[in-house]
Amino acid sequence: MMTSNKFLSSLCYFSVFFAPFLFPIMVWILTKDEVRYHSGKALWTHIVPYICIASGLITIAFTGTSPMTFSIIAVFTVIGIFYFLLNFIRGISVLLF
């Protein structure tokens, strides 16, 4: 039996697809206990890919284009994709377990 707490916690992770910052912040403010914990974790895992994008753009701005720049951007891209997929996996695991 699925409870509304599990569904809301899972929805915080899945909100990476429709409202990456707004939904987890609203849930974090309006709820408590386990749902608040999951919304905080979801918010941080939503922020990390954007930090990676900003870091990549700053790297390009200050270093230009070089092989080292492209390798740094590749690392930032892998980290961003990892956290995006992590949100999806955590959403499913909270929903199922």
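In this text the structure is predicted, and so the values were computed from the model without any measurement. For every chain, the first residue of the written sequence is number 1, and numbering continues from 1 along that sequence. It should be noted that, the model being predicted, local features are given only for residues of pLDDT at least 70 and side-chain atom pairs only at 80 or more, the latter also being counted only at that level, while totals for whole chains, interfaces and linings use all residues. To get the side-chain values, all heavy atoms of the structure are used, and hydrogens and water are removed first.

Asks: For the overall build of the chain, give the residues involved together with the corresponding values.
Replies: Under the DSSP-based scheme used, a helix requires at least four consecutive residues in state H or I and a strand at least two consecutive residues in state E, with every element numbered from the N terminus. Each helix and strand counted, the chain has four helices and zero strands in total. Reading the helices (α) and strands (β) of the chain from amino to carboxyl end gives α-α-α-α. Projecting the C-alpha coordinates of the chain onto the three principal axes gives extents of approximately 55 × 25 × 20 Å. Within the span of the chain, comprising 97 residues, buried residues form 32% of the whole. Of all intrachain contacts in the chain linking residues separated by at least 6 positions in sequence, the fraction that spans at least 24 positions is 65%. Burial status follows relative accessibility: with a 1.4 Å probe on protein chains alone, a residue under 20% of its type maximum counts as buried, one over 50% as exposed, and anything between as partly exposed. Should any heavy atoms of two residues lie within 4.5 Å, those residues are considered in contact.

Asks: Talk me through helix α2 (residues 22–30); I want residue IDs and the actual numbers.
Replies: Burial in α2 covers these residues: Phe-23, Pro-24 and Val-27. One side of α2 holds all its buried residues, which, seen down the axis, span an arc of 95°. Opposite the buried face of α2, at more than 90 degrees from it, the exposed residues are Leu-22 and Ile-29. Here the buried face of α2 lies against α1 (4–14) and α3 (33–63). For this quantity, the arc is that covered by the directions from the helix axis to the C-beta atoms.

Asks: Requested: an account of the packing of α2 against α3, with residues and values cited.
Replies: Describing two packed helices takes the angle between their axes plus the distance from one axis to the other. Orientation is described by axes fitted as lines to C-alpha atoms, over the contacting stretch for helices, and by angles from 0 to 180 degrees between their N-to-C directions. Running from N to C, α2 and α3 point in directions that differ by 155°, and their axes come no closer than 8 Å. With respect to α3, the axis of α2 lies roughly antiparallel. Relative to α3, the crossing made by α2 is left-handed. Of the residues in α3, those touching α2 at Pro-24, Ile-25, Val-27 and Trp-28 are Val-35, Arg-36, Ser-39, Gly-40, Leu-43 and His-46. Three residue categories are used. Nonpolar comprises Ala, Val, Leu, Ile, Met, Phe, Trp, Tyr, Cys and Pro, charged comprises Asp, Glu, Lys and Arg, and polar comprises the others, including Gly. Class assignment for the residues of the contact of α2 with α3 results in six nonpolar, three polar and one charged. Every angle not falling under 35 degrees, over 145, or within 65 to 115 is termed oblique; those three ranges are roughly parallel, roughly antiparallel and roughly perpendicular. Each crossing is labelled by how the near helix is turned from the far one, with a counterclockwise turn of less than a right angle marking it left-handed and a clockwise turn marking it right-handed.

Asks: Break down unusual backbone geometry for me, citing the residues and quoting the values.
Replies: Generally, phi is negative for residues other than glycine and the peptide bonds are trans, each holding for most cases. Although it is not a glycine, Asp-33 sits at a positive phi angle of roughly 60°. By the secondary structure assignment, Asp-33 is in helix α3.

Asks: Break down the nonpolar core for me, with residues and values.
Replies: As used here, the term nonpolar core means buried Ala, Val, Leu, Ile, Met, Phe, Trp, Tyr and Cys residues forming a set that is joined through side-chain atoms within 4.5 Å. Ranked by size, the top nonpolar core spans eight residues in total: Cys-12, Tyr-13, Ala-19, Phe-23, Val-27, Val-35, Ala-42 and Val-94. The set of elements that each furnish at least two residues to this core consists of α1, α2 and α3.

Asks: Which residues make up a nonpolar patch on the surface, and what are the values?
Replies: On the surface, a nonpolar cluster with roughly 1100 Å² of combined accessible area is contributed by Phe-21, Leu-22, Ile-25, Met-26, Trp-28, Ile-29, Leu-30, Tyr-50, Ile-53, Leu-57 and Ile-60. Here the nonpolar patch gets six residues from one element, more than from any other, and that element is α2. Tracing the chain through its elements places Tyr-50 in helix α3. Each patch is built from residues that are more than 30% exposed by relative accessible area and take part in no salt bridge. Like charges join if they lie within 9 Å; nonpolar side chains (Val, Leu, Ile, Met, Phe, Trp, Tyr) join within 5 Å. Note on areas: Shrake-Rupley with a 1.4 Å probe; residue coverage comes only from the protein chains shown. A pairing counts as a salt bridge when a side-chain nitrogen of Lys or Arg comes within 4 Å of a carboxyl oxygen of Asp or Glu.

Asks: Outline the side chain of His-38, listing residues and values.
Replies: For His-38, the position within the fold is in helix α3. The class for His-38 is buried, based on a relative accessible area of 11%. Polar side-chain contacts of His-38 include one of 3.0 Å to the side chain of Tyr-13. In this structure, His-38 is in contact with Ser-9, Tyr-13 and Val-94, ignoring residues within four places of it in sequence. In protein, a polar contact means a hydrogen-donor-capable atom and an acceptor-capable atom, both N or O and within 3.5 Å, with residues adjacent in sequence counting only if both atoms are side-chain atoms; elsewhere, any N or O pair within 3.5 Å suffices.

By themselves, these are just geometric observations and shouldn't be taken as functional.
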